[in-house]
Amino acid sequence: MRTQADWLASYMKLTERMESPESFHLWTGLLLLAGALGRKVYFDFGFFKTYANLYVLIVAESAQVRKSTASNFGVLELLLPALDDLFVFRGKITNEALVNVLAEHTKRDGGAEVFVYASELRVFITEDASRTGLGATLMNLFDCPDVADAFTLKRGKDRVRNTYVCFLGCTTPTDLPKVFPLDSLQGGLTQRVVFVCAKRRRKNVPLQKPLSAKETELLRSLQLDLQHIHKLAGVARVSPEVEAEYDPWYNAIETQDVPDVLDGFHGRLHTIVLKVALLLSVAQNDSLIVESSHFQRAVKLLEEVEKHAPLAFSRVVPEDSPSAHFDTFWKVFERSREEAYIVLFKTLQNRMSRYWKTSILREQLAVLKRQGKLEEIAAGSELAYRWITPGDY
């Protein structure tokens, strides 16, 4: 029996005094529900089944928006204590390690339900995920196949069964292309990932107080309800109202314009919206019926995701583009902070020579001058540039 009328609303209440943006807590909460639900609940669409698992990446600048603070609380204080039998993968994530876990669980249990959590994506995935095969494995397992072949260099082919993988990670716009390069992001994996982005925290809380007795009681109640949700099983369905609303919405999104990098994700919106709507339903009751209120809220949540998702790709550019090396460019200025962020042109030319031709360097300097970020000055007889807005690029 449940203790909370709406699990997700209560979770948001519990986390409301934390600094992290509301969206980070909300999508973490949805992932916790997805992890608890597992393969036992699904939509049956005749030719295929749709499960409630999600892949979510929380993206924000390092240490500024408290992204891992939000996810850590959900995973470490709620999911792990509540669900002893759910395997939460928190180690260094390689394709070999993930396939090993899936294969062992298949052999032991006849299926593999795994919650992959990477509080700092670049730390947990230390190599190019597309080169090692991790990106392809995650992509192939997103639809929770009954049977799938997974490949690693050491083990070769492993046949895994009844898979259910949820993924929650945190990263920065700078680190994202290092783990998932442009060709990977433009491919199948991006189509399946919900990129949750924010530029700033919702509030400043210099010193957090310990959980009150009331908050501790609510935390325990949420753990108990998560255990209850973990026991649910059956075929989910949508209400007649949602059937009537879904068709025109489905046709409308086909004609919507989105940034190129979101084309693949937008093309899968019709499936992801049902996953989210099912989780919103499960948060409130055991009926496994998606009502109009769940569907409409899921639509709005995903509209917000698409609105802010381009922030995740702000540093994802082709290697032959000048923008691909802006981090290196700005580091030259960062090192000059004791000289009032003034750098000689010949120093920039020398430091950037392996990345940009002199003509490209001059073009970029001209653009930044027009944007008001740099000013051209004389340093004795030398040409130099001063960074006007340190911390903002």
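Bear in mind that the values here come from a model prediction, so they are computed numbers and not experimental data.

*Asks:* Would you explain the environment of Tyr250 in this entry?
*Replies:* By the element assignment, Tyr250 lies in helix α11 (residues 240-253). The class of Tyr250 is partly exposed, set by a relative accessible area of 32%. Distance in space between the C-alpha atoms of Tyr250 and His270 is 6.5 Å, their sequence separation being 20 residues.

*Asks:* I tried to follow the sheet that holds strand β2 (residues 49-51) on my own but got confused; where do I start?
*Replies:* Sheets are built from strands paired through backbone hydrogen bonds, the pairs being either parallel or antiparallel. Reading across from one edge, β2-β1-β10-β11 is the order of the four strands in this open sheet, with mixed pairing throughout. Each edge of the open sheet carries a strand with a single partner, namely β2 and β11 (289-290). Bridging between strand β1 (residues 41-44) and β2 involves three bridges; their strand directions are antiparallel. Across the sheet, Tyr42 pairs through a bridge with Tyr51, a residue of β2.

*Asks:* Even after reading the chapter, I still don't get the nonpolar core, so can you show me in this structure?
*Replies:* One recurring pattern in soluble globular proteins is that nonpolar side chains are buried together. Grouped together as the largest cluster of nonpolar side chains are 77 residues, with contacts concentrated most on Trp7, Trp27, Leu37, Phe115 and Val276. Among the elements that make up this core, the one with the highest residue count is helix α13 (residues 269-284) (eleven residues). Beyond its immediate sequence surroundings of up to four residues, Trp27 is in contact with Leu54, Val56, Val194, Val196, Val276, Leu301, Leu302 and Val305. Listed in part, the 35 residues of the second largest apolar core include Ala112, Phe142, Val160 and Ala309.

*Asks:* Any chance you could explain the pairing of strand β13 (residues 374-379) here in plain terms?
*Replies:* Two faces make up the sheet, and in a regular strand the side chains alternate between them. Looking at chain direction, β13 and strand β14 (residues 382-387) are connected through six bridges and run antiparallel. Bridged to Ile377 within β14 is Ala384. The turn joining β13 and β14, which pair antiparallel and follow one another in sequence, is formed by two residues; a positive phi near 70 degrees is taken by Gly380.

*Asks:* Looking at this structure, how should I read helix α4 (residues 95-109)?
*Replies:* At 3.6 residues per turn, the α-helix brings residues three or four places apart onto the same side. A rise of 1.5 Å per residue sets the reference length of α4, with its 15 residues, at 21 Å; its end C-alpha atoms lie 21 Å apart and thus fit the reference within 8%. Just downstream of α4 lies Gly110, where phi reads positive at about 80 degrees.

*Asks:* Got a minute to help me understand the side chain of Thr50 in this structure?
*Replies:* For Thr50, the location among the structural elements is in strand β2. Once residues within four sequence positions are removed from consideration, Thr50 is found in contact with Tyr42, Phe43, Phe45, Thr271 and Lys275.

*Asks:* Looking at this model, I keep getting lost on the packing of helix α2 (residues 22-37) against helix α3 (residues 67-82). Mind explaining?
*Replies:* Any two packed helices are characterised by the angle at which their axes cross and by the distance between the axes. Packing of α2 against α3 brings their axes to within 9 Å, and their N-to-C directions diverge by 30 degrees. The angle between α2 and α3 places the two elements in the roughly parallel class. At the point where α2 passes α3, the crossing takes the right-handed sense. When α2 is examined against α3, the residues Phe24, His25, Thr28 and Leu32 are found in contact with a partner set consisting of Lys67, Ala70, Ser71, Gly74, Val75, Leu78 and Leu79.

Reading the values: the criteria
Residues numbered from 1 in each chain as written. Predicted model: local features only at pLDDT ≥ 70, side-chain atom pairs only at ≥ 80, totals over all residues. Heavy atoms only, no water. Helix = DSSP H or I, 4+ residues; strand = E, 2+ residues; numbered from the N terminus. Buried < 20%, exposed > 50% of the residue type's maximum accessible area, 1.4 Å probe, protein only. Pairing = 2+ DSSP bridges. Core = buried A, V, L, I, M, F, W, Y, C linked by side-chain atoms within 4.5 Å. Contact = heavy atoms within 4.5 Å. Expected span 1.5 Å × (residues − 1). Axes fitted to C-alpha atoms, helices over the stretch in contact; angles between N-to-C directions. Parallel < 35°, antiparallel > 145°, perpendicular 65-115°, else oblique. Left-handed = near helix turned anticlockwise from the far one by under 90°.

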